[in-house]
Amino acid sequence: MPVRYEGIKAEHEAVRTRAGLFDVSHMGEILVEGPNAVPEVDRLVTNDVSNLPVGRALYTVCCNDAGGILDDLIVYRLEKEKVLVVCNASNRDKIVTHFASHLSLGTPWNDVSDSWALLALQGPSAVRVLEALGAPEELLKLPSFHVTRASLAGVDLWVARTGYTGEDGFELFCASEDAVTLWRALLEKGEPCGLQPVGLGARDTLRLEARLMLYGNDITEETNPFEAGLGWVVKLDAGDFVGKDALEAIKAAGVERKLVGFEMVGRGIARHGYLIVVDGQRVGEVTSGSPGPTVGRNIGLGYVPKSSSKIGTRLGIEIRGKVVDAVVVTTPFYKR
Amino acid sequence: MVMVTYPRDLHYTREHEWARLEGDLIRVGITAYAVQQLGDVTLVDMPAPGEDVQAHERFGDIESVKTVSELFAPVSGEVVEVNAALESSPELVNEGPYEEGWLIKIRPSDRTELEGLMDAARYEEYLGTLDG
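Residues numbered from 1 in each chain as written. Chains lettered and ligands numbered in written order. Predicted model: local features only at pLDDT ≥ 70, side-chain atom pairs only at ≥ 80, totals over all residues.

## A closer look at the overall build of chain A
Right, so step 1: What chain A contains, in helices and strands, is eight helices and 17 strands.
Right, so step 2: Relative to a compact globule of 336 residues, whose C-alpha radius of gyration would be 20 Å, chain A shows 20 Å and is just as compact.
Right, so step 3: With respect to the principal axes defined by its C-alpha atoms, chain A has extents near 60 × 50 × 30 Å.
Right, so step 4: Out of the 336 residues belonging to chain A, those deemed buried represent 47%. (Helix = DSSP H or I, 4+ residues; strand = E, 2+ residues; numbered from the N terminus. Rg over C-alpha atoms; globule rule 2.2 N^0.38 Å. Buried ≥ 20, exposed ≤ 12 C-beta atoms within 10 Å, placed from the backbone.)

## Comments concerning the interface of chain A and chain B
Right, so step 1: In this assembly, 12 residues from chain A lie in contact with nine residues from chain B.
Right, so step 2: Listing elements by their share of the side of chain A that touches chain B, those giving two or more residues are α1 (8-17), α7 (200-209) and β14 (281-292) of chain A.
Right, so step 3: A per-class count over the side of chain A that touches chain B returns four nonpolar, four polar and four charged. (Contact = placed C-beta atoms within 7 Å. Nonpolar A, V, L, I, M, F, W, Y, C, P; charged D, E, K, R; others polar.)

## Let's talk about the domain arrangement of chain A
All names here are of chain A.
Right, so step 1: Examined at the domain level, chain A breaks down into domain 1 (8-206) and domain 2 (256-336).
Right, so step 2: For domain 1 versus domain 2, the separation of C-alpha centres amounts to 30 Å.
Right, so step 3: Facing eight residues of domain 1, the contacting portion of domain 2 comprises seven residues.
Right, so step 4: The set of elements that each furnish at least two residues to the side of domain 1 that touches domain 2 consists of α1 and α7.
Right, so step 5: For the side of domain 1 that touches domain 2, the leading source of residues is α1, giving four residues.
Right, so step 6: Among the residues forming the side of domain 1 that touches domain 2, the class breakdown is no nonpolar, three polar and five charged. (Domains from an automatic or database assignment.)

## Thoughts on the sheet that holds strand β9 (residues 155-160) of chain A
All names here are of chain A.
Right, so step 1: One open sheet accounts for six strands, arranged β8-β9-β10-β7-β1-β11; its pairing is mixed. Strands at the two margins of the open sheet, each flanked by one partner only, are β8 (147-152) and β11 (195-197). Direction aside, neighbouring strands of the sheet carry axes that sit 25 degrees apart on average.
Right, so step 2: Two strands pair when backbone bridges link them, and β8 and β9 are joined in this way by six bridges, in the antiparallel orientation. Paired with T148 across the strands is V159, a residue of β9.
Right, so step 3: With respect to the sheet, helix α6 (residues 179-190) is in contact with β1 (19-23), β7 (116-122), β8, β9, β10 (169-175) and β11, its orientation differing from that of β7 by roughly 15 degrees. (Pairing = 2+ DSSP bridges. Axes fitted to C-alpha atoms, helices over the stretch in contact; angles between N-to-C directions.)

Encoded structure:
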């Protein structure tokens, strides 16, 4: 996936106002099957997969024994006995190893990342693009976080109403050898709807405006879901899972720091790794930062002490030796 | 990369700035190659008029959506003017790096420093060594 095709701003704008197509085939896909597929996956993630109906998807994190985040995932229940777990490309080996060591013997699972491709069709016109490809009415009406089998442009796929942009859209899983056919058909039929290819750069600005986490930046093994603002995906009263004891203790003790959204007040752009200053003290680090093309401000995320996490709190961001004013704001920065 | 011809009347640095002699002053900007590498320019940090800059040393920073890059002075001297339009319209650098998107004007302390820079033909040759 290139950083950009036409340009980050133009691609960002296309996804917010029309539609964009992302080749995110680098993402990792693990299939877990068999009668115990659901309880087995449930034991590995913090959210409650045990009652996930067939055809539904769920966002979750997967933690280590200390409650640190190994990855954030989307779990799709494709069939009664078939669960798809989508992980970040950079974490694929780690998650595959983690699954291999925790799944019970006799539970069939398979890392299908190399044989599956993933295209994300995102934006308010995404549904019109599928319509132009002759998608049936029920596919167009697929609700958010649902997944279903379909055929488009002669290609068999799993279609999910999920994404990483803060817009309506679909994620299309197909066999790798069909990806080029699907990509071309989508761009051809989607062109009248303003569909264009989108790269990694706009993927980052789109997800940041929507406050969607980037693994390796906003969440890592050194962060826990409560301080990251992901407490909502930790279901402590819904059965056992890896990291539960640690997370119970963390929740009981309360977090010391929080991931907050901020916007720059002074002139400057915060970047990953820049220091956050409060009252002359370095108190935290920026985890993500860039211009927000739709919100029209320079925005970012970073960890600060709980005492500095309230909306309206003044922060300083150290930019090349200069401290530039910023303020804690409500997130997401952008909501459709 | 698409072949671009570079203006013949400019002098070029290895860090992709250009310099143009205009009377007593030298106007400075970044090249089309730099613009292409950066993508959408979102912020330009420059010295204030009156400040001195040193040839081949950093005089500011230029930020695109994705990255930050340092700006290097092609010649030594005093900054006499900065392009104020970039404050509110940094995209001018993308739209016309040799025209509306210029960065600063320097009163050079030693005009012969210009001769140490590359001409367009040598700069194009130099770019050829960077690709691939």
